[in-house]
Amino acid sequence: NRRGMFRNTQPIIEFPLNIDIDINYAQVRISTCNVFTDFDTTLTLLDDTNTEIASDDNGCVDAVGRSLIILMEPESGEYTIQLGSAAAVGIEALWDIRIDCETSEPTASPTTADPTTAEPTTAEPSASPSETPTTAEPTTAEPTTAEPTTAEPTTA
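Before going into details, it helps to say that this report is about the structure given with it. (Residues numbered from 1 in each chain as written. Predicted model: local features only at pLDDT ≥ 70, side-chain atom pairs only at ≥ 80, totals over all residues. Heavy atoms only, no water.)

The buried fraction of strand E7 (residues 77-85) amounts to seven of the nine residues, a majority that puts the element mostly inside the structure. Note that strand E2 (residues 12-19) and E7 share eight bridges and pair antiparallel. Among the inter-strand pairings, isoleucine 12 is bridged to a residue of E7, identified as glycine 84. When strand E4 (residues 41-46) meets E7, the two strands line up antiparallel, connected through six bridges. (Buried < 20%, exposed > 50% of the residue type's maximum accessible area, 1.4 Å probe, protein only. Helix = DSSP H or I, 4+ residues; strand = E, 2+ residues; numbered from the N terminus. Pairing = 2+ DSSP bridges.)

Here we come to the pattern of salt bridges. Evaluated as defined, the whole model comprises two salt bridges. Aspartate 62 is paired through a salt bridge with arginine 66; the nearest N and O atoms lie 2.8 Å apart. A relative accessible area of 28% places aspartate 62 in the partly exposed class. On the accessibility criterion, arginine 66 (12% relative accessible area) is buried. One salt bridge connects arginine 98 with aspartate 96, and the closest N-O pair in it is separated by 2.8 Å. Relative accessible area serves as the criterion here: at 31%, arginine 98 is assigned to the partly exposed category. (Salt bridge = Lys/Arg side-chain N within 4 Å of Asp/Glu carboxyl O.)

Counted by the stated rule, this structure contains one disulfide. Paired through a disulfide, cysteine 33 and cysteine 60 show a sulfur-sulfur distance of 1.6 Å. Between cysteine 33 and cysteine 60 the disulfide shows an S-S torsion of about -80 degrees. By sign, it is left-handed. Linking cysteine 33 in the loop between strand E3 (25-31) and E4 with cysteine 60 in the loop between strand E5 (52-57) and strand E6 (68-72), this pair joins segments that are 27 residues apart in sequence. (Disulfide = S-S within 2.5 Å.)

Below, the discussion takes up unusual backbone geometry. With a phi angle near 65 degrees, asparagine 50 is a residue other than glycine that sits in the positive phi range. With respect to the element layout, asparagine 50 can be found in the loop between E4 and E5. Unusually for a residue other than glycine, valine 61 sits at a positive phi of about 50 degrees. By secondary structure assignment, the location of valine 61 is in the loop between E5 and E6.

See the structure below:
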C-alpha cells in the first residue's frame, strides 16, 4: 500500500511495480477502492516501454469515482502505475493505492503405484466352477509373499 496527498500541481503521481517471473500470478489488482482515497481517481498502467497496458476511471463503481485495474495472468516485468485525478482543477485530496496479488494454484504432480511383486499363478481355471469352494492338496512350491485375500467366493 502507498498513501499520500494529491495536489493538482502534480497532476500525475507515478509508482514502480515489478512483477516477478518466479511467481505464477493469476491476477494482480491495482486499486484506489478504499475509504482513505477521497477523490475521483484515474489509474493507468504502463509497461517498461511506457506503452499503456491498462487504464481505469470509476472502476470501483462508487459515488466517489475511485479506480480499479485488474490484470489477468500478467507477464513478469517492470511496470509504472500512474495515479491521476478525473477533476480538472483545484484538487487537494488523500489517496491510497493497494496492490493485491492472487497466485495460481500449483498443479499436483502425477503419482504412480508401485509395481506388484507377486508371482503369477499357473493353475488353469476349471471349465465349470462349483457352487462351493474346494480345497486343493498342498504343493511343494515356495510360499509367496503376497497377502491372503479375504473376499468371499462369488457364484456365476
